[in-house]
Amino acid sequence: MRGFNAGAGQYVLQVTFDPAALPVRCDRFTRRTPSQSPLETEELTLDGHHCAHLGAEGLPPCLLGLRWDWE
């Protein structure tokens, strides 16, 4: 997760998982504060290298990140 106090022009995040410990679900999310429920979520699919990516531009002040589950 990354916070943007004044917004941001562009942001890219990549997470690479060990092939022996792949998550069953991976989501991108946006929040206004750490304690708030996500404003929006999007389920992501891992690529052939076991990576999840998100890219965003023109961000308002927010928290943006990836979350995943193994169960």
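Residues numbered from 1 in each chain as written. Predicted model: local features only at pLDDT ≥ 70, side-chain atom pairs only at ≥ 80, totals over all residues. Heavy atoms only, no water.

Asks: Just to check I follow, could you spell out the sheet that holds strand 4 (residues 40-44) for this structure?
Replies: An order of 1-6-3-4 is seen for the four strands of this open sheet, with the pairing classed as antiparallel. Two strands lie at the open edges of the sheet, namely strand 1 (2-4) and strand 4, each paired on one side alone. If you compare each strand with its neighbour and ignore which way they point, the axes differ by 20 degrees on average. Here strand 3 (residues 25-31) runs beside strand 6 (residues 62-69); their pairing, made up of seven bridges, is antiparallel. (Pairing = 2+ DSSP bridges. Helix = DSSP H or I, 4+ residues; strand = E, 2+ residues; numbered from the N terminus. Axes fitted to C-alpha atoms, helices over the stretch in contact; angles between N-to-C directions.)

Asks: Help me understand the packing of aromatic side chains in this model?
Replies: Two aromatic rings are characterised by how far apart their centres lie and by the angle between their planes. Within this structure, the stated rule accounts for three aromatic pairs. Look at Phe-4 and Tyr-11: their rings are 5.1 Å apart centre to centre, the planes differ by 75 degrees, and that puts the pair in the edge-to-face class. With respect to burial, Phe-4 and Tyr-11 carry one shared label: buried. Ring geometry for Phe-17 and Trp-68: centres 5.1 Å apart, planes at 85 degrees, overall edge-to-face. Pair noted here: Phe-17 is in the loop between strand 2 (8-16) and strand 3 and Trp-68 is in strand 6, with a separation of 51 residues, a long-range link. Here Phe-17 falls in the buried class, since its relative accessible area comes to 7%. Through pairs of rings, three or more aromatic residues link up here, namely Phe-17, Trp-68 and Trp-70. (Phe/Tyr/Trp six-rings, centres within 6.5 Å; stacked < 30°, edge-to-face > 60°. Buried < 20%, exposed > 50% of the residue type's maximum accessible area, 1.4 Å probe, protein only.)

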